[in-house]
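Here is how the chains run, residue by residue.
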Amino acid sequence: MLLFREKVPADWLPKVQANLPAVLVDHAHLERKAATTALNLEKYRDLYDRVGELNAIAIEELQHFQLLLGLLKKRGIPFGQPYPSPWITGLMRSIRNGQRHQAIDHLICCAFIEGRSCEKFQFLAEALKPTDAELAQFYGSLVESEGNHYATYLLMARAVDEAETTRRMDFYLDLDAKLIREPNPLPMLH
Ligand SMILES: [Fe+2]
Ligand SMILES: [Fe+2]
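> Any chance you could break down the side chain of S145 for me, citing the residues and the numbers?
As for its placement among the helices and strands, S145 is situated in helix α6 (residues 133-160). Within the local environment of S145, its side chain forms a polar contact with the side chain of E60, the two groups lying 2.6 Å apart. Those residues in contact with S145 that lie beyond four places of it in its chain are E60 and H64.

Given below as structure tokens:
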């Protein structure tokens, strides 16, 4: 299902495992931003008839955010400041202006964030099993939902303009491969 051209760097998993409290705070913000992003997509004319579906995604992301807040509370981790992800910023910076082009690029960026989350949650679900069964189970439980968001956003882009989406996917797959190789010492999901 996921067609990324570059693997998640080998140093990502050890970095995340060594900084789980900070990563959980980052993840909480990521879910919060995913909810607002789903609502932001509703501004595009080409997506007016998808508002109900986008609301449903926003509600799901908000539920994920709540789950993360619950985990933070249970573990005594204070909800803290968000840090911008260079990978997400890099993707978003390449969104073109203009209703239709902007909608397609924005949807592809969102799909990539969902897709990379889905992939990384699978790694975490597996890697955390021996040391943190609760968190392993939690990450496993999010995989399907984020995978569905990935597919939904790509299908929405294709429904707006199939050929343009294919062209832009090619561009964004290269960009993702380039950006994901850039070192990021901060303990974040992306
Ligand atoms: Fe989510
Ligand atoms: Fe999602």
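> So what's going on with the nonpolar core? Residues and values would help.
In this structure, L91, Y139 and Y153 are the most contacted members of the largest nonpolar core, which totals 59 residues. Put simply, the parts of the chain that give this core at least two residues each are α1 (12-17), α2 (20-40), α3 (51-74), α4 (86-93), α5 (99-127), α6 and α7 (162-180). For this core, the leading source of residues is α5, giving 13 residues. Filtering out sequence-adjacent residues up to four positions away, Y153 remains in contact with A38, L41, L54, I57, L107, C110, A111 and E114.

> Could you give an account of the packing of α2 against α6, with specific residues and numbers?
The contact between α2 and α6 brings their axes to 14 Å, and the two run at 30°. What the angle tells us is that α2 and α6 run roughly parallel. In the packing of α2 onto α6, the handedness of the crossing is left-handed. Contact residues: α2 offers L20, L24, H27, E31 and A38, while α6 offers L135, F138, Y139, L142, E146 and Y153. Across the contact of α2 with α6, the residue classes tally to eight nonpolar, one polar and two charged.

> Residue-level account of the coordination of the iron ion (ligand 2), with values.
Surrounding the iron ion (ligand 2) are the protein donor atoms E61 (OE), E114 (OE), E114 (OE), E146 (OE) and H149 (ND1), which sit 1.9 to 2.7 Å from the metal. For the iron ion (ligand 2), all donor residues lie on one chain, and their spacing in sequence is E-x52-E-x31-E-x2-H. In this structure the iron ion (ligand 1) is found 3.4 Å away from the iron ion (ligand 2), and E61 serves as a bridging donor for the pair. With E114 in helix α5 and H149 in helix α6, this pair connects stretches of sequence that are 35 residues apart. The same class applies to E114 as to H149, namely buried.

> I'd love a proper account of the coordination of the iron ion (ligand 1), names of residues and values included.
For a metal with four tetrahedral donors the ideal donor-metal-donor angle is 109.5 degrees, while six octahedral donors give ideal angles of 90 or 180 degrees. Protein-derived ligands of the iron ion (ligand 1) are E31 (OE), E61 (OE), H64 (ND1) and E146 (OE), with the metal-ligand distances lying across 2.0 to 2.2 Å. Considering all four donor atoms around the iron ion (ligand 1), the spread of angles at the metal, 90 to 141°, places the coordination shape in the irregular class. Ordering the donors of the iron ion (ligand 1) by residue number gives the pattern E-x29-E-x2-H-x81-E.

> Outline the packing of aromatic side chains, supporting the account with residue identities and numerical values.
The tally for this structure, following the rule as stated, stands at six aromatic pairs. Residues F4 and F112 carry aromatic rings whose centres are separated by 5.4 Å and whose planes lie at 90° to one another, so their mutual orientation is edge-to-face. With F4 in the segment before α1 and F112 in helix α5, the pair connects residues that are 108 residues apart, well separated along the chain. With relative accessibility at 1%, the residue F112 sits in the buried group. With 5.1 Å between their ring centres and 55° between their planes, F121 and Y139 make a pair best called tilted. Highlighted residues: F121 in helix α5 and Y139 in helix α6, separated in sequence by 18 residues. In this structure an aromatic cluster arises from ring pairing among F4, F112, F171 and Y172.

The rules behind these values
Residues numbered from 1 in each chain as written. Chains lettered and ligands numbered in written order. Predicted model: local features only at pLDDT ≥ 70, side-chain atom pairs only at ≥ 80, totals over all residues. Heavy atoms only, no water. Helix = DSSP H or I, 4+ residues; strand = E, 2+ residues; numbered from the N terminus. Polar contact = N/O pair within 3.5 Å; in protein donor to acceptor, adjacent residues only side chain to side chain. Contact = heavy atoms within 4.5 Å. Core = buried A, V, L, I, M, F, W, Y, C linked by side-chain atoms within 4.5 Å. Buried < 20%, exposed > 50% of the residue type's maximum accessible area, 1.4 Å probe, protein only. Axes fitted to C-alpha atoms, helices over the stretch in contact; angles between N-to-C directions. Parallel < 35°, antiparallel > 145°, perpendicular 65-115°, else oblique. Left-handed = near helix turned anticlockwise from the far one by under 90°. Nonpolar A, V, L, I, M, F, W, Y, C, P; charged D, E, K, R; others polar. Donors = N, O, S within 2.8 Å, 3.2 Å for Na, K, Ca; no water. Tetrahedral: all angles 85-135°; square planar, octahedral: opposite > 155°, others 65-115°. Phe/Tyr/Trp six-rings, centres within 6.5 Å; stacked < 30°, edge-to-face > 60°.

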